[in-house]
Amino acid sequence: MAMDKHHHHQMSLTKSASRQRYNEWVFRDVPSDITIEVDGAIFSLHKFPLVSRSGRIRRLVAEHRDTDISRIELVSLPGGSESFELAAKFCYGVNFEITAENVAQLCCVSDYLEMSEDYSKNNLGSRAEEYLDSIVCKNLEMCVEVLRQCENLLPLADELKIVGRCIDAVASKACVEQMASSFSRLEYSSSGRLHMSKQANCEDWWIEDLSILRIDLYQRVITAMKFRGVRPESIAASLVSYAQKELTQKSISGSNVQEKLVVETIVCLMPVEKFVVPLSFLFGLLRSAVMLDCTAACRLDLERRIGSQLDIATLDDILIPSFRHAGDTLFDVDTVHRILVNFSQQEGDSDDDMEDVSVFESDSPTATPSQTALFKVSKLVDNYLAEIAPDANLKLNKFIAIAETLPAHARTVHDGLYRAIDVYLKAHQTLSDPDKRRLCKLIDFQKLSQEAGAHAAQNERLPLQSIVQVLYFEQLRLRSALFCSYPDDDIKPIHQSWRINSGALSAAMSPKDNYASLRRENRELKLELARMRMRLNDLEKDHVCMKRDMQKSSSRRFMKSFSKRIGKKFNIFGDSSSRGSTSPSRHSERTDSKITDRT
């Protein structure tokens, strides 16, 4: 009730202010003979000035000549009481200025009141139309202001072609100004070639002006600009400016329905050219689209655009919060998976279609853009997996789906993937052994660095088969390092000196025998690795001694004796059966009590 009283009081104040305004210009010495009511505002006026200019009022008065009508209510008058007051002033011959703020109202109210040349020369309709065509349509800022005024005058402003004329003028002016600016930036280089100078763009001053428009009219302006040939960079800059105003500055007072419409419209208006729209802006729109539950077409378009330039994204970009029910993951994993699928598909397309070289540009003359992009995205994905791995609600299938989206050759090093899987294993300790093995199959243990391999060899969370593979490849690495250092040594092939099946167990063996075999090979590999590390330490000491001795003497006799010493040290790569103390199997029997079996 209090609100109703307040509203009524406000309306009374408005009516009083309206009366006070027209009391200043209406003829008070002649008694009024007609009362006009517009949207609750009362105007006590005179018939003669009104009927001499307005065909509508003349017809209403003529229809009620017998009853001597003294009161007329004008329903749905465009612009309300404010517009009618301007029209009434014109009828009374009171001077006022036509501006960009009122010309649309004047055009509409003159059409409603039928204030045309048929009833009076130089009537309000022709005066407003002349101002619109000769003044407004030659100035971009004024056109934008008129469009803003038209927001409350639709659909009449559209029917009178006020909106269409202003939109065409804005698009044409923007295009002409950009062309003029481009010509002014043309200059000749020292070689005599004509090229575009790198001075900053100064022709896009209208971008901020367009931000005042309502989304429906803004959409029509941008569409007209694109048709006219305004540069995609300018279109994109305008979209960013408009979104920032509508989705951030007005987010407190704005409704979800309005924001949803803005997001969907902006996505539809985005230029098709790649890299024109900033990637951070695309991710911001995608977050809004997910939160506001925009149409699937809108979200998929954003995901496709993001996927085409995912190689320049950051981890913060793809950490999209999940806005669903409480049992869901903290981050929107499904959306990121679709983005990765888009990226992988476009990467594949770029390999098949090398004619479109403009899509990819790279500063590196040696690596193809596709390889570079894949490498960057693989690091991004591994970091993303490590970030989402601790989430208790993250299902194994989703984790694996993200990891498997990229092709196998995308990862040159598997350290990041190993780290993410280790985090997942640590956070999901109830994972079954088959699931652990399935997860660890993602890792190529040959692509682990020395540090990651050393960590994996001691990692109790890994399944037994994975640890065996780690130790096997660690042994290969050490043997390769030793062999490369002394290639003249008589080193037997690895399959002759070591028995290992890389975790591929015989199907004929029972599970118990398989497990026992793996445990035995695990212990043997660890012992062999320990001995190889000791040999590498000896090798490093010999290098130091060689350097010191060679500084003292360069005689051939010294080199000969040194070669003999080295030969004795590395005779261990001969037949291991001749040295019982170094046989892995026999040595492991004596050291079982000293080794803690972590598997």
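Going by the structure above, here's the rest.
Source: prediction; values computed, not measured.

Asker: Please give an account of the overall build of the protein that cites residues and values.
Answerer: Scanning the protein for helices and strands turns up 27 helices and five strands. Counting every position in the protein, which comprises 599 residues, the buried fraction comes to 44%. Partitioning the intrachain contacts of the protein with sequence separation of at least 6 by distance along the chain shows that 69% fall at a separation of at least 24. Within the structure as shown, the protein displays about 32700 Å² of accessible surface, and the carbon and sulfur contribution to it stands at 52%.

Asker: Requested: an account of the nonpolar core, with residues and values cited.
Answerer: M225 and L310 are the most contacted members of the largest nonpolar core, which has 148 residues in total. Not counting residues up to four positions away in its chain, the partners in contact with L310 are F283, I318, I339, L340, F343, V377 and L380.

Asker: Go over the sheet that holds strand β3 (residues 71-73) with me, naming the residues and quoting the values.
Answerer: Strand order across the open sheet formed by three strands is β2-β1-β3, with mixed pairing between neighbours. Each end of this open sheet is capped by a strand with a single partner; those strands are β2 (41-45) and β3. Between one strand axis and the next, the sheet turns by 20 degrees as a mean value, whatever way the strands run. Note: strand β1 (residues 34-38) against β2, five bridges, orientation antiparallel.

Asker: Outline the pattern of salt bridges, supporting the account with residue identities and numerical values.
Answerer: This structure, assessed with the given rule, holds 15 salt bridges. D216 is the salt-bridge partner of R214, the closest N and O atoms lying 3.0 Å from each other. Residue D301 pairs with R304 through a salt bridge whose shortest N-O separation is 2.7 Å. On the criterion of helical spacing, the pair formed by D301 and R304 is a turn pair, its members being three residues apart in helix α15 (residues 296-307). The exposure class assigned to D301 is buried, which follows from its relative accessible area of 18%. Here the salt bridges do not stand alone but share partners, grouping E129, D133 and R165 into one network.

Asker: Describe the pairing of β1, with residues and values.
Answerer: Within β1, five of the five residues are buried, which leaves it mostly tucked inside the rest of the structure. Of the two faces of β1, both are covered, the one formed by I34, I36 and V38 as well as the one formed by T35 and E37. Linking β1 to β2, which pair antiparallel, is a turn of two residues; within it D39 sits at a positive phi near 50 degrees. Sheet topology places β1 next to β3; three bridges connect them, and they run parallel. Opposite T35, over in β3, you have R71 as the bridge partner.

What counts and what doesn't
- Residues numbered from 1 in each chain as written.
- Predicted model: local features only at pLDDT ≥ 70, side-chain atom pairs only at ≥ 80, totals over all residues.
- Heavy atoms only, no water.
- Helix = DSSP H or I, 4+ residues; strand = E, 2+ residues; numbered from the N terminus.
- Buried < 20%, exposed > 50% of the residue type's maximum accessible area, 1.4 Å probe, protein only.
- Contact = heavy atoms within 4.5 Å.
- Areas by Shrake-Rupley, 256 points an atom, 1.4 Å probe, with all protein chains shown as cover.
- Core = buried A, V, L, I, M, F, W, Y, C linked by side-chain atoms within 4.5 Å.
- Pairing = 2+ DSSP bridges.
- Axes fitted to C-alpha atoms, helices over the stretch in contact; angles between N-to-C directions.
- Salt bridge = Lys/Arg side-chain N within 4 Å of Asp/Glu carboxyl O.

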